[in-house]
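Survey of secondary and tertiary structure
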Amino acid sequence: MKLYSGPLSLFSAKVRIALAEKGIAHETISVPWSLARRYEPHHPEVVARNPKAQVPVLVDGDVTVYDSTQIFEYLEDRQPQPPLMPAGAAARARCRRLEAAADEIFFPPLWSLVEEAFYPPREGGRDGARLAAAQAAIAAQYEGLERELAGRSWLCDAYSYADVASFVMVHAAASIGAPPPPALAALNAWLARAKARPAVRAEVEATRRFVASLFAAPAAEPAAAAHA
Ligand SMILES: N[C@@H](CCC(=O)N[C@@H](CS)C(=O)NCC(=O)O)C(=O)O
């Protein structure tokens, strides 16, 4: 398999973790990305294979799959062991709901936070109101996750795609100044549990190194990312 992946792409991070959890041999192709130009120029294979020209894109022989959630479904069909989806219709529906919530509900305010607190300020400066709204929305997501985790070690009892997707979003928010408050004990314990998994730890470390390289060597832009 080949994974077209972005060094700071949270949707790519979901897939990198899932591939590692399943122990699936693959080649990672890190697409060009820089602070100044983001994904421009887009990788030609990504443009050719995904009409939205976005990563992640997974290529498995003749099969091309894009959108991280679709890739999760494909990986589960392609290599069911170890499972990252629970058994039974109700549990699978819960897993899909929580996985989708990470992408569709957590990510939008997280993206505002990324733009207002991580990327260099745009001309005209920071948008304080947008930042505050993002922080409030993320705080509400944290409360929701705390409730979902009540009496559970993982979001769907066994570790699943819901944990992978949620971890990626929570960890990114925590890394840029919006960590879960200490009072949310179940969420903080879950975060520590997830970070202790080798697949997750490797992803966290690779991202940490990439971010450090970005700010340590601005002269190196455009950083086409030798990050795998
Ligand atoms: N729903 C998609 C979202 C993918 C996405 O937004 N990818 C971003 C990077 S995180 C991207 O490739 N952006 C480049 C662009 O839109 O030009 C998924 O889950 O894979």
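The residue numbering used here restarts from 1 in each chain and proceeds along that chain's sequence as written. It should be noted that, the model being predicted, local features are given only for residues of pLDDT at least 70 and side-chain atom pairs only at 80 or more, the latter also being counted only at that level, while totals for whole chains, interfaces and linings use all residues. For side-chain calculations, the full set of non-hydrogen atoms in the structure is used, while hydrogens and water are omitted.

Digging into the site of the ligand
- Residues are counted as near a molecule or strand when any one of their heavy atoms sits within 4 Å of it. The immediate surroundings of the ligand are formed by Ser 9, Phe 11, Tyr 39, His 42, Gln 54, Val 55, Pro 56, Asp 67, Ser 68 and Asp 103.
- Side-chain atoms alone can form a polar contact between residues adjacent in sequence; in general such a contact is a pair of N or O atoms within 3.5 Å, and within protein one must be able to donate a hydrogen while the other accepts it. Within the side chain of His 42, one N or O atom sits 2.6 Å away from an oxygen atom of the ligand.
- Within the backbone of Val 55, a nitrogen or oxygen atom sits 2.8 Å from a nitrogen atom of the ligand.
- In this description, accessible areas are obtained by the Shrake-Rupley approach with a 1.4 Å probe, and a residue is regarded as covered only by the protein chains that are shown. Contact with the protein chains hides 77% of the accessible area of the ligand, taken as 510 Å² for the molecule alone.

Remarks on unusual backbone geometry
- Of the consecutive residues Glu 40 and Pro 41, the connecting peptide bond is found in the cis state with omega at -5°.
- Here the residue pair Gln 81 and Pro 82 is connected by a cis peptide bond, since its omega of -15° sits within 30 degrees of zero.
- Locating Pro 82 in the fold gives a position in the loop between helix 3 (68-78) and helix 4 (89-118).
- One non-glycine residue with positive phi stands out, namely Asp 67, at about 85°.
- In this description a helix means any DSSP run of H or I spanning at least four residues, a strand means any run of E spanning at least two, and both kinds are numbered starting from the N terminus. Tracing the chain through its elements places Asp 67 in the loop between strand 4 (63-66) and helix 3.
- Under the relative-accessibility criterion, Asp 67 is labelled partly exposed at 40%.
- The phi dihedral of Asp 157 is positive, around 70°, even though this residue is not glycine.
- Tracing the backbone shows Asp 157 in the loop between helix 5 (128-148) and helix 6 (161-175). Buried residues are those whose accessible area, probed at 1.4 Å on protein chains only, stays under 20% of the maximum for their type, while exposed residues exceed 50% and partly exposed ones sit between those limits.

Overview of the sheet that holds strand 1 (residues 2-5)
- Strand order in this open sheet of four strands is 2-1-3-4, and the pairing throughout is mixed. The sheet is open, and its two edges are formed by strand 2 (27-30) and strand 4, each paired on a single side. Averaged over neighbouring strand pairs, the angle between their axes works out to 20° when direction is ignored.
- Think of it this way: DSSP has to see at least two bridges between two strands before they count as a pair. Relative to strand 4, strand 3 (residues 57-60) is paired through four bridges, and the arrangement is antiparallel. What sits directly across from Leu 58, in strand 4, is Val 65.
- Contact between two residues is taken to exist if any of their heavy atoms lie within 4.5 Å; hydrogens are not considered. The axes used here are C-alpha line fits, helices contributing only the stretch in contact, and every angle between their N-to-C directions lies in the interval 0 to 180 degrees. Seen against the sheet, helix 1 (residues 10-22) touches strand 1 and strand 3 and runs at an angle of roughly 150° to strand 1.
- The strands that helix 3 touches are strand 3 and strand 4; relative to strand 4, the one it contacts most, it runs at about 135°.

Some remarks on the domain arrangement of the protein
- Per the annotation, domain bounds derive from an automatic or database assignment of domains. What the domain assignment lists for the protein is domain 1 (2-82 + 201-220) and domain 2 (89-195).
- The gap between the C-alpha centroids of domain 1 and domain 2 is 20 Å.
- Listed as interface residues are 23 residues of domain 1 and, on the opposing side, 20 residues of domain 2.
- Note on definitions: salt bridges are taken to be side-chain nitrogens of Lys or Arg within 4 Å of carboxyl oxygens of Asp or Glu. A salt bridge links Arg 38 to Glu 115, with the shortest nitrogen-to-oxygen separation between them at 3.8 Å.
- Viewed at the interface, domain 2 and domain 1 are joined by eight residue pairs in polar contact (both at pLDDT 80 or more).

Points about the pattern of salt bridges
- Under the defined criterion, the tally for this structure stands at 17 salt bridges.
- Of the charged contacts, one joins Glu 116 and Arg 130 as a salt bridge, the two residues approaching to 2.8 Å between their closest N and O atoms. You can see Glu 116 sitting in helix 4 and its partner Arg 130 sitting in helix 5, a full 14 residues away along the chain.
- When its relative accessible area of 3% is taken as the criterion, Glu 116 is described as buried.

Structural notes on the state of the cysteines
- Counting rule for disulfides: a pair of cysteine sulfur atoms within 2.5 Å. This structure, assessed with the given rule, holds zero disulfides.
- The thiol of Cys 95 is unpaired, and the distance to the nearest cysteine sulfur, on Cys 156, comes to 4.2 Å.

Things to note about the packing of aromatic side chains
- Pairing of aromatic rings covers Phe, Tyr and the six-membered ring of Trp, with a centre-to-centre limit of 6.5 Å; geometry is then stacked below 30 degrees between planes, edge-to-face above 60, and tilted otherwise. Across all of its chains, the model carries ten aromatic pairs by this definition.
- Ring geometry for Trp 154 against Tyr 159: centres 4.9 Å apart, planes inclined by 70°, an arrangement best described as edge-to-face. As far as the burial class goes, Trp 154 and Tyr 159 line up, both buried.
- Grouping aromatic residues by their ring pairs yields a cluster made of Phe 11, Trp 33, Phe 107, Trp 111, Phe 118, Tyr 119, Phe 210 and Phe 215.
- It is Arg 193 that lies over the ring of Trp 154; its NZ or CZ is 5.9 Å from the centre.
- In this scheme, the term charge over a ring applies when either NZ of a lysine or CZ of an arginine sits within 6 Å of the ring centre and within 35 degrees of the ring normal. Between Arg 197 and the ring centre of Tyr 159, over which it is positioned, the NZ or CZ distance is 3.5 Å.

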